[in-house]
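Observations on the model geometry
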Amino acid sequence: MNLQLLFKEQQLLRDKIAYDKPDRFEKLILALLVELGECANEWRGFKFWSKDQEPRVQGNWKYQTGIIDGKFVNVYENPLLEEYVDKLHFILELGLELNCTDIELWPVYEKNITNQFIECSGRVYNLYFQMRVTGEVPKGMYEHLLAYFLGLGFMLGFTWEQIEQAYMEKNAINHERQEQGY
Ligand SMILES: O=c1ccn([C@H]2C[C@H](O)[C@@H](COP(=O)(O)OP(=O)(O)OP(=O)(O)O)O2)c(=O)[nH]1
């Protein structure tokens, strides 16, 4: 697992978006919290009031790849993974913002996915309050956010390769959107 390539990609997108107002940090924090909620909503496992608690991992048909055993392989959207990599974009943005790109990467796991989502949110709030109180965020605090975020991805059933590939695909869409005046 190597984040350096992803930080480089994120920097290119960041330069293109080029938002430099002083509220940038808190807007990124709120964006990340929103994406966390959207991701949990696609996971659905906390909806104890509903009979439908299956994660949304197969959406609309996207395209066909090569042929295996005489059949075309169809590729579908994966709404859960797509929300997860939106979150990854904002986490990388925060790393660039805090100048924390030379980091250790390891996963941390809570006892279940519900708690993992809550822990991720808690780590985001920690960053916000730390910045508010001291005006800076220690690298270790950012690394902990990443550790819970990475653990969440593995608990949701994704491999690092899938995450990287989905990140690249969404990153390309984000570039196109900027070029088209989104
Ligand atoms: O400074 C930024 C701002 C945005 N993004 C990326 C993250 C994410 O991949 C996408 C924004 O999320 P989404 O695609 O859900 O866009 P939205 O504007 O929230 O969607 P909608 O218009 O549907 O509400 O832009 C960045 O990487 N850096």
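A brief look at the structure comes next. Please read all numbers here as calculations on a predicted model, not as lab measurements. (Residues numbered from 1 in each chain as written. Predicted model: local features only at pLDDT ≥ 70, side-chain atom pairs only at ≥ 80, totals over all residues. Heavy atoms only, no water.)

Bringing the site of the ligand into the picture now. Around the ligand lies a shell formed by Gln-10, Leu-13, Ile-17, Glu-35, Asp-86, His-89, Phe-90, Glu-93, Lys-170, Asn-174, Arg-177 and Tyr-182. Tyr-182 places a side-chain nitrogen or oxygen 2.6 Å from an oxygen atom of the ligand. With the chains in place, 63% of the 600 Å² that the ligand exposes on its own is no longer accessible. Of all the secondary structure elements, the ones that give two or more residues to the shell around the ligand are α1 (4-17), α3 (79-97) and α6 (160-179). Per element, the largest residue contribution to the shell around the ligand is four residues, and it comes from α3. (Near = heavy atom within 4 Å. Polar contact = N/O pair within 3.5 Å; in protein donor to acceptor, adjacent residues only side chain to side chain. Areas by Shrake-Rupley, 256 points an atom, 1.4 Å probe, with all protein chains shown as cover. Helix = DSSP H or I, 4+ residues; strand = E, 2+ residues; numbered from the N terminus.)

Attention shifts here to unusual backbone geometry. What is expected of a backbone is that most residues other than glycine have negative phi and most peptide bonds are trans. Unlike most non-glycine residues, Ala-18 shows phi in positive territory, near 50 degrees. Relative to the assigned elements, Ala-18 resides in the loop between α1 and α2 (24-43). Its identity is not glycine, yet Arg-44 carries a phi of approximately 75 degrees, on the positive side. Positionally, Arg-44 belongs in the loop between α2 and β1 (61-68).

This next bit is on the nonpolar core. One finds Tyr-84, Phe-117, Leu-127, Tyr-142 and Leu-156 to be the most contacted residues of the largest nonpolar core, which totals 45 residues. Elements supplying a minimum of two residues to this core: α1, α2, α3, α4 (113-134), α5 (139-155) and α6. With residues near it in sequence (within four places) discarded, Leu-127 still touches Phe-25, Ile-29, Leu-94, Leu-98, Val-137, Met-141, Tyr-142 and Leu-145. (Core = buried A, V, L, I, M, F, W, Y, C linked by side-chain atoms within 4.5 Å. Buried < 20%, exposed > 50% of the residue type's maximum accessible area, 1.4 Å probe, protein only. Contact = heavy atoms within 4.5 Å.)

So yeah, pure geometry; function would need other evidence.
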